[in-house]
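# Working through the structure, step by step
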Amino acid sequence: QPSVKWGTARSSMRKAMNNRSNGNAKSAIRNYAKALGGHTNATRQAAKVRRTAGTLYTYFAGTPEAIRQRLVEAGIRFDGRATKEIFNDICGLIAPVPNDLEESLTNKALRETFADVAADLSIDLNQLESFNEELLQRLVGGLMKHYIFDKLLLQSEQTALKNCEQIADLRELEKSIRIYIDGIVDSVVPGIIKSGLNPVDFNRTLETLFDISYQQMEELQ
């Protein structure tokens, strides 16, 4: 039984939109996490995005040489191609087919994550040194952030949108919410996501990451 009903979560989103104080944005996030049934339930629901993060890990963990070799063996071509094109191909390799809500959210979050990283000019996938642990953390963290944020907007904004006079107000609220979610995920990813984990340990770690992130959302004051 959710500790907060969806109506409450949506009305706190509306309230936050009409009065964009930090407290209201936090309240909207807190009520949303509770409406999911709390952090344990929210983490359970994120099974498909966790599976995709696990696939990301199998490709992007290890030495730069091993990562590149793995991708080449999977059919990814590098030679002089733009990083964005290479990421598009990797995305095609691991993104789930969007047959249901969770797969659609995972697919969208993965594309957004790759687009973010491809836009960083310091990352050039033709250079071996780009395949480092920081890239792994950015990919896993980015996937989590986009998934949590996109799902929150999708599930709690339908009603809010109808009551929104100013689209600019909605965008400002989204920005506040994104800052909180990014901050929560960024605070837990670097300490936990490391290259040397075996797949079972990584999956357990990822579950912990989602759980901590949703728990922090639930407890925002």
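See the structure shown above.
Below: a short report on this structure. (Residues numbered from 1 in each chain as written. Predicted model: local features only at pLDDT ≥ 70, side-chain atom pairs only at ≥ 80, totals over all residues. Heavy atoms only, no water.)

Here we come to the nonpolar core. Residues Phe 60, Phe 87, Ile 90 and Met 217 are the most contacted members of the largest nonpolar core, which totals 65 residues. No other element matches helix α8 (residues 133–162), which puts eleven residues into this core. Contacts of Met 217, omitting those with residues within four sequence positions, involve Ile 29, Arg 30, Tyr 32, Ala 33, Ile 148, Leu 152, Ile 181 and Ile 184. (Core = buried A, V, L, I, M, F, W, Y, C linked by side-chain atoms within 4.5 Å. Buried < 20%, exposed > 50% of the residue type's maximum accessible area, 1.4 Å probe, protein only. Helix = DSSP H or I, 4+ residues; strand = E, 2+ residues; numbered from the N terminus. Contact = heavy atoms within 4.5 Å.)

Moving on: the pattern of salt bridges. For side chains bearing opposite charge, pairing can occur when the charged atoms are close. By the definition in use, this model includes 13 salt bridges. When the shortest N-O distance is used, the salt bridge between Glu 102 and Lys 151 registers 2.8 Å. Taken together, the positions of Glu 102 in helix α7 (residues 101–118) and Lys 151 in helix α8 put the pair 49 residues apart, joining distant regions of the chain. Both residues of the pair, Glu 102 and Lys 151, count as buried. A salt bridge links Lys 145 to Asp 186; the shortest N-O distance between them is 2.7 Å. Highlighted residues: Lys 145 in helix α8 and Asp 186 in helix α9 (residues 167–192), separated in sequence by 41 residues. (Salt bridge = Lys/Arg side-chain N within 4 Å of Asp/Glu carboxyl O.)

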